[in-house]
Amino acid sequence: MNIHEKYIKRCIQLAFNGLGKTYPNPMVGSVIVQNNRIIGEGWHRKAGEAHAEVNAINAVEDKSLLKTSTIYVSLEPCSHFGKTPPCSDLIIASGIKKVVIGTVDPFEEVAGRGIKKLLEAGCKVKVGVLEKECRELNKRFFTYHQLKRPYIILKWAQSTDGFLAPAPTPGLKREPVWITNKYTNQLVHKWRSEEQAILVGTNTAVADDPKLNARLWKGNDPVRLLIDRNLRTPSSSALFNGSIRTIVFCDKPSADKNELTADRLSFEVLNFDREIIQQICDVVYKHKLQALIVEGGTRTLQSFIDAGLWDEARILTGRKTFGKGLPAPKIQGKPYLEKFIDGDELKILKAYT
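Residues numbered from 1 in each chain as written. Predicted model: local features only at pLDDT ≥ 70, side-chain atom pairs only at ≥ 80, totals over all residues. Heavy atoms only, no water.

Novice: Can you explain the sheet that holds strand S5 (residues 124-127)? Please cite residues and give values.
Specialist: Here five strands make up an open sheet; going across it, the order is S2-S1-S3-S4-S5 and the pairing mixed. Whereas interior strands pair on both sides, the edge strands pair on one side only; in this sheet they are strand S2 (37-43) and S5. Each neighbouring strand pair of the sheet contributes to a mean axis angle of 15 degrees, computed without reference to strand direction. Across six bridges, strand S1 (residues 29-34) lies against S2 in antiparallel orientation. Paired with Gln-34 across the bridge in S2 is Arg-37. Lying over the sheet, helix H1 (residues 3-15) contacts S1, S2, strand S3 (70-75), strand S4 (98-103) and S5, oriented at roughly 140 degrees with respect to S1. (Pairing = 2+ DSSP bridges. Helix = DSSP H or I, 4+ residues; strand = E, 2+ residues; numbered from the N terminus. Axes fitted to C-alpha atoms, helices over the stretch in contact; angles between N-to-C directions. Contact = heavy atoms within 4.5 Å.)

Right, here's the structure in full:
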């Protein structure tokens, strides 16, 4: 690892502190180095607040050192006025002449303009250091802006013999069955707090009455999405309690459910005579939601898999055995991570593309 990679790696580490807090902005980290010593560092903490470069520059106690320093940043400095002024302008005004950037920003209002502005001001700019890692850091942001759809995470828990739920007992209502332990359950809620939206299908909504919030972890609740063509989910369902913004994909909106939660509930009409997964992605993109967790049952999950619209799958295998029941989805992908959480197995697959 060369010196530039060392400091960009530190930028990535800093940027991760903003996970789940910077939407719709990307996560960005920055360090300022003078004579091989870090004299300032920062990250983008929250949308609407100062960017990473601003926080790094503000952290430098002796501003006279900036003229002989190099600023490292994981993503191209912005060049436009948003909720904050352009970071490229601040870098130039601070007298910094050397800039090392992990990757170009795909956002159309930046997309190389920040780099161009720095070069025109006489800065020496190096781009593409640990670029793969920097793109991975902002996989949600890149997917949203380049593919015009959310970053899609499939998640399910299965028994040791590959079932999402046991076979129902005739005559009895199916009760939710916890397959994984309390530590894994808490991890799932942490995941929810890090993403912008979460989706289930009708069968899951009716059978399990899920809340789809992040109650076991301190953080934001994702927007709840429900596929319910004929609006079979009861009005008494937790999904319609008005506590969290909820979007229902259906054939026709329901006036009575809309009255329950006012502006916290909205309906999106889909053409169910056509494949609906791309339609769902288009609607989620329209609502500017950059990341989506799919926690539905087998049918919903398999629909995303078969459509080729997924980016990673997080598969949890508990220690229960059912013998028969609702089979888990069938998926193939590139192994990314495998570990155990107090006996539960977590396996993460990435889509081949």
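Novice: Help me get a handle on the side chain of Gln-196, residues and values and all.
Specialist: For Gln-196, the position within the fold is in the loop between helix H7 (182-194) and strand S8 (197-201). Side-chain polar atoms of Gln-196 contact the backbone nitrogen of Gln-290, separated by 2.5 Å. Ignoring any residue separated from it by four or fewer positions in sequence, one finds Gln-196 in contact with Tyr-23, Pro-222, Val-223, Lys-288, Leu-289, Gln-290 and Ala-291. (Polar contact = N/O pair within 3.5 Å; in protein donor to acceptor, adjacent residues only side chain to side chain.)

Novice: Describe the packing of aromatic side chains, naming the residues involved and giving the relevant values.
Specialist: With the rule as written, the count across this model stands at three aromatic pairs. Plain terms: the ring middles of Tyr-7 and Tyr-72 are 5.1 Å apart, the flat faces sit at 50 degrees to each other, and that makes the pair tilted. Within this pair, whereas Tyr-7 is found in helix H1, its partner Tyr-72 is found in strand S3, the two being separated by 65 residues in sequence. Exposure remark for Tyr-7: the relative accessible area of 3% places this residue in the buried category. Considering the side-chain rings of Tyr-144 and Tyr-285, the 4.7 Å spacing of their centres and the 35 degrees angle between planes classify their relative orientation as tilted. (Phe/Tyr/Trp six-rings, centres within 6.5 Å; stacked < 30°, edge-to-face > 60°. Buried < 20%, exposed > 50% of the residue type's maximum accessible area, 1.4 Å probe, protein only.)

Novice: Provide a residue-level description of the UniProt feature "binding site: Zn(2+)" (unreviewed entry) in the protein, including the pertinent values.
Specialist: Under the UniProt annotation, the feature "binding site: Zn(2+)" (unreviewed entry) is placed at His-51, Cys-78 and Cys-87. Taking the farthest pair of C-alpha atoms as the criterion, the annotated set spanning 37 residues converges on one region, since that pair is 9.1 Å apart. By the element assignment, His-51 lies in the loop between S2 and helix H2 (52-58). What makes His-51 buried here is its relative accessible area of 19%. With respect to the helices, strands and loops of the structure, Cys-87 is situated in helix H3 (residues 87-93). Exposure remark for Cys-87: the relative accessible area of 1% places this residue in the buried category. Every residue in contact with Cys-87, bar those within four places of it in the chain, is listed here: His-51, Glu-53, Val-54, Pro-77 and Cys-78. (UniProt positions renumbered as here; feature names shortened; annotations may be inferred.)

Novice: Describe the side chain of Ser-193, naming the residues involved and giving the relevant values.
Specialist: Within the secondary structure layout, Ser-193 lies in helix H7. Owing to a relative accessible area of 8%, Ser-193 belongs among the buried residues under this scheme. Here Lys-190 takes part through its backbone oxygen, which lies 2.7 Å from a polar atom of the side chain of Ser-193. When neighbours within four sequence positions are excluded, Ser-193 is seen to be in contact with Gly-20, Ala-214, Trp-217, Gly-219 and Asn-220.

Novice: Can you tell me about the domain arrangement of the protein, naming the residues and giving the values?
Specialist: For the protein, the domain assignment lists domain 1 (3-141) and domain 2 (149-350). Placing the centre of domain 1 and that of domain 2 at their C-alpha centroids yields a distance of 36 Å. Each side of the interface is counted separately: domain 1 has eight residues, and domain 2 has twelve residues. Here domain 1 meets domain 2 over a buried area of about 880 Å², counting both sides, of which 44% is carbon and sulfur. Taken together, the links from domain 1 to domain 2 amount to three salt bridges. Between Lys-139 and Glu-312 there is a salt bridge, with the nearest N and O atoms lying 3.0 Å from each other. If you look at where domain 1 meets domain 2, you find six residue pairs in polar contact (both at pLDDT 80 or more). If you tally residues by element for the side of domain 1 that touches domain 2, the top one is helix H6 (residues 139-147), at three residues. Considered class by class, the residues forming the side of domain 1 that touches domain 2 number four nonpolar, one polar and three charged. (Domains from an automatic or database assignment. Buried area = accessible area lost by both parts, 1.4 Å probe. Salt bridge = Lys/Arg side-chain N within 4 Å of Asp/Glu carboxyl O. Nonpolar A, V, L, I, M, F, W, Y, C, P; charged D, E, K, R; others polar.)

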